Amino acid sequence: MGFLGKGLFQGMAVTARNFVGTYFDRGTREKLVTYQYPEEKPPLPENSRSFPFLVYDGTPDAMRCVACKICETECPPQCIYIVMDRDEKGKPQQRPKVFDIDISVCMQCQICVEVCPFEAIKMDNDYEKSQYGRFDDLIEHLPDLLKSNEYYNEIKPTEAKAVDAKLKAEAEKKAKKGTSKPAAAAPAKPAAPAPAPKPATAPAGKITIPEDAPFTAEQRAWLAGFLSAGGVATSGTGVSPVAVAETTGETPVPLPEATPAAEAPAGGWPWHDPGLGMSQRMDLVKAAPLADKLMAAMAQTDCHACGYDCRGYADAIAAGSETDLSLCLPGEAETAKKLEELMKEAGKL
Amino acid sequence: MIQQISPIPTGMIETQTIEVSIGPQHPSTHGVFRMDAVLDGETVVGLKPVMGYLHRNHEQLAERMTWLASIPYTDRLDYFNSMTNNWALCLSVEKLAGIKVPERAEYIRVIVSELTRILNHSCVIGFMLQDLGAWGTPLLYAFREREKILDLFESLSGARMMCNYMRFGGVRVDMTDAMVAQAKDIVAKFPRFLDEFEQLLSNNEVLLARCQKVGILPKELAINASISGPMARASGVDYDIRKVDKYGVYGRFDFRVPLGEVGDVYDRYYIRVLEMRESIKILNQALRDLPAGAFVAPEVKLRNFKIPPGDGYGRVEAPKGELGFYLVSDEGGKMPYRYHCRPPSFINLTTLEDMCLGHKVADVVIILGSVDIVLGEVDR
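First, a word on what this report is: a plain description of the structure on this page. Everything quoted here is computed from the prediction, not taken from an experiment.

Re the overall build of chain B
- Helices and strands together make up the secondary structure of chain B, namely 15 helices and eight strands.
- The C-alpha atoms of chain B give a radius of gyration of 22 Å, which matches the 21 Å a tight globule of 380 residues would have.
- A total of 380 residues make up chain B; the buried ones form 62% of that total.
- Excluding contacts between residues fewer than 6 apart, the proportion of contacts in chain B whose partners are at least 24 apart in sequence is 72%.
- Approximately 14,500 Å² of chain B is accessible, and the part contributed by carbon and sulfur atoms is 55%.

Section: the sheet that holds strand β7 (residues 321-329) of chain B
Residue and element names in this part refer to chain B.
- Pairing in this open sheet of three strands is antiparallel, and the strands run β6-β7-β8 from one edge to the other. Of all strands in the sheet, those with a lone pairing partner are β6 (310-318) and β8 (338-342), marking the two edges. Ignoring strand direction, the axes of neighbouring strands in this sheet form an average angle of 10°.
- The sheet contact formed by β7 and β8 spans five bridges and is antiparallel. Residue pairing across strands places Gly324 opposite Arg342, the latter belonging to β8.
- Sitting on the sheet, helix α3 (residues 82-97) is in contact with β6, β7 and β8, with an inclination near 150° to β6.

Things to note about helix α11 (residues 310-319) of chain A
- The buried fraction of α11(A) amounts to eight of the ten residues, a majority that puts the element mostly inside the structure.
- Among the residues trailing α11(A), A:Gly320 stands out with phi positive, at a value near 90°.

Comments concerning the pairing of β7(B)
- Counting buried residues in β7(B) gives eight out of nine residues, a clear majority hidden from the surface.
- Hairpin connection between β6(B) and β7(B): a loop of two residues separates the two successive antiparallel strands.

Structural notes on the pattern of salt bridges
Residues and elements named next belong to chain B.
- Considering all chains together, one arrives at 43 salt bridges over all chains under this definition.
- Between Asp195 and Arg277 there is a salt bridge, with the nearest N and O atoms lying 3.0 Å from each other. Of this pair, Asp195 sits in helix α6 (residues 177-201) while Arg277 sits in helix α11 (residues 265-289); the two residues are 82 residues apart in sequence, bridging distant segments of the chain.
- In this structure Asp195 comes out as partly exposed when scored by relative accessible area, which is 43%.
- According to the relative accessible area criterion, Arg277 is partly exposed, its value standing at 27%.
- Between Arg342 and Glu322 there is a salt bridge, with its nearest N and O atoms 4.0 Å apart.

Focus on helix α10 (residues 290-297) of chain A
- With seven of eight residues buried, α10(A) is to be regarded as a mostly interior element.
- Every buried residue belonging to α10(A) is among A:Leu290, A:Ala291, A:Asp292, A:Leu294, A:Met295, A:Ala296 and A:Ala297, and all of these are buried.

A few points about empty space enclosed by the protein
Residue and element names in this part refer to chain A.
- A complete count under the given rule lists nine cavities of 30 Å³ or more for this structure.
- Volume-wise, the largest cavity comes out at about 90 Å³.
- Around the largest cavity, the lining is made up of 17 residues, and of these Cys65, Cys68, Cys71, Cys116 and Ala120 lie nearest the centre.
- Secondary structure elements with two or more residues in the lining of the largest cavity: α2 (70-74) and α3 (111-115).
- Split by residue class, the lining of the largest cavity holds 16 nonpolar, no polar and one charged.

Quick notes on the environment of B:Ser226
Residue and element names in this part refer to chain B.
- Along the chain, Ser226 turns up in the loop between α8 (219-224) and α9 (230-234).
- Residue class for Ser226 comes out partly exposed when judged on its relative accessible area of 36%.
- Between the C-alpha atoms of Ser226 and Gly46, which are 180 residues apart in sequence, the distance is 22 Å.
- With near-sequence residues (within four places) excluded, Ser226 lies in contact with Arg342 and Ile347.

Procedures and definitions
Residues numbered from 1 in each chain as written. Chains lettered and ligands numbered in written order. Predicted model: local features only at pLDDT ≥ 70, side-chain atom pairs only at ≥ 80, totals over all residues. Heavy atoms only, no water. Helix = DSSP H or I, 4+ residues; strand = E, 2+ residues; numbered from the N terminus. Rg over C-alpha atoms; globule rule 2.2 N^0.38 Å. Buried < 20%, exposed > 50% of the residue type's maximum accessible area, 1.4 Å probe, protein only. Contact = heavy atoms within 4.5 Å. Areas by Shrake-Rupley, 256 points an atom, 1.4 Å probe, with all protein chains shown as cover. Pairing = 2+ DSSP bridges. Axes fitted to C-alpha atoms, helices over the stretch in contact; angles between N-to-C directions. Salt bridge = Lys/Arg side-chain N within 4 Å of Asp/Glu carboxyl O. 1 Å grid on protein atoms, 1.4 Å probe; cavity = no way out; pocket = protein on both sides within 12 Å on 5 of 7 lines; lining within 4 Å. Points joined across faces, edges and corners; volume = space filled by probe spheres on them. Nonpolar A, V, L, I, M, F, W, Y, C, P; charged D, E, K, R; others polar.

Rendered as structure tokens:
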């Protein structure tokens, strides 16, 4: 039995039912779904994410972040900016000096969290981040980003517990291993402060850069290193660290006895550049000694994920004090494979 | 079905056509989309869609990023259906890299994608009715149901809309038993809502008068213009990639592909209602059969993920139609050499003029509404 307007009446019955229904569904929230927001906040599920923050254990000084820049590299919109902390002698401190996240650019994708090997960066669920300013106010600096592990445990209990258990197991494994490893390996050796180029250090018979060549100081330094790396073994064997320190006018740093001394040659190590690809880096060390070749196989981030910097890890492998070739986290399988290949070539494996 | 415009009889008042720009800042254009309409009185005699106001360079961006970094960007294509967008990219990459996806991950993908289809279709119907002048009621009823699905997505992936949930070789986090129960609850209650929704709309005389015989898309044109999704099926084209390709584990589910007869706006409305009912069927089966096991292929790395040289095209049946990614990997393989996205709403929009000619301006709005566009995807 149809009549014109029947559909309209049916529809109005539905709206009436819904209108009345909201008053009977208060408890179940089946029909009434409005939250009076600023006063009443909907409960957030544990997986909920807003912006990243950095986790520290105990005090903010004991942050987990080691400034390895993996998240900076992998971030899709490139909103993370990291500068590694160094002491006055240029020694890396295994922690960031600057860690900025531009939350106006951040798209909350969680990829930084997924790629972090140190469980240092996690997703917060605080979504009330409105600011009056459009520019500086929307950049979160290191002090804003640091939050305690307790806070992390509070907002994401299940996930945080799993992370804590994992870190504990890793620490125990490391402690066990550490007894067989020279303890002095941990303090990092001074990194290359990239001194001014010295044409005098360029070996005779090699190409030297003419004084009037149109290069900036940086390009000159790189070129000098590039040319010298071709044939002359400078690091570790050629020039002693003390001698280099004298020529550059720096006070020599007391070095740990257990590890062989190593200092960057003039111009730095040209392959020590995370921007280069593996094959490019290997080209630079074709005729260099084993330690340099090993170093060139690393990811060059000096992230200390292995417990050394890139130089230290290479020297430790070359010296035989480190036998695990899979410690380079940023380099992943590519580095591990190359290290194995190089060690086999050298007949040490 | 296009009506011929009768020439103006001589001796009467001379009129001329007028060009009207509808949009880009108009609520009925579903975003920053412009229609350059030529009107004779109130009748449309010409209509050019103008796109590009929301262009974000998605394809070029993806060519300078790692494969993984493109996934969150696909969320922003069709921001209503991030799950199917993720799946389309992951499927293409998996095809190209030869990755095998674990059973459980395939089922979870089906579950989230069908939930996405439900939420998209119910909201599209709401938007269509909004365009007809049914202010609020159907749309907000649809949004109420959508919210339940988004709650599940939030507890599953961490975000309501920008899920970024799928990974090459699986999904990012596992679906817990509580979430499966929540999904089952949603699926169990949805048919009741759908009945109510249909009671509200399907026989409504105003809806029938405004939608029937309006914006007819002939079957031949739909095929020639490579229209896909519910729009093609409303015109009677039996083409559903879930059936044709049987990607994922779709081959295992028992469901039917509803087809329209006339291809008008009403068919496009009703085909979505029917598709939601089929999705419920798939969901019931997938939730029942959800196997235990790994949710992501363990051999797939997050960082330094590389693909050997080659090219491949992967496509899924997104709620709006065929969403595909054509990818080329070259030496190195860390990032795509070429990355092309085939967005369904962009291609479905190409027949807008053919559907609108001869109709009134007010009908243009509802015809556009029935195409179901999201500008994030049209412009990329």
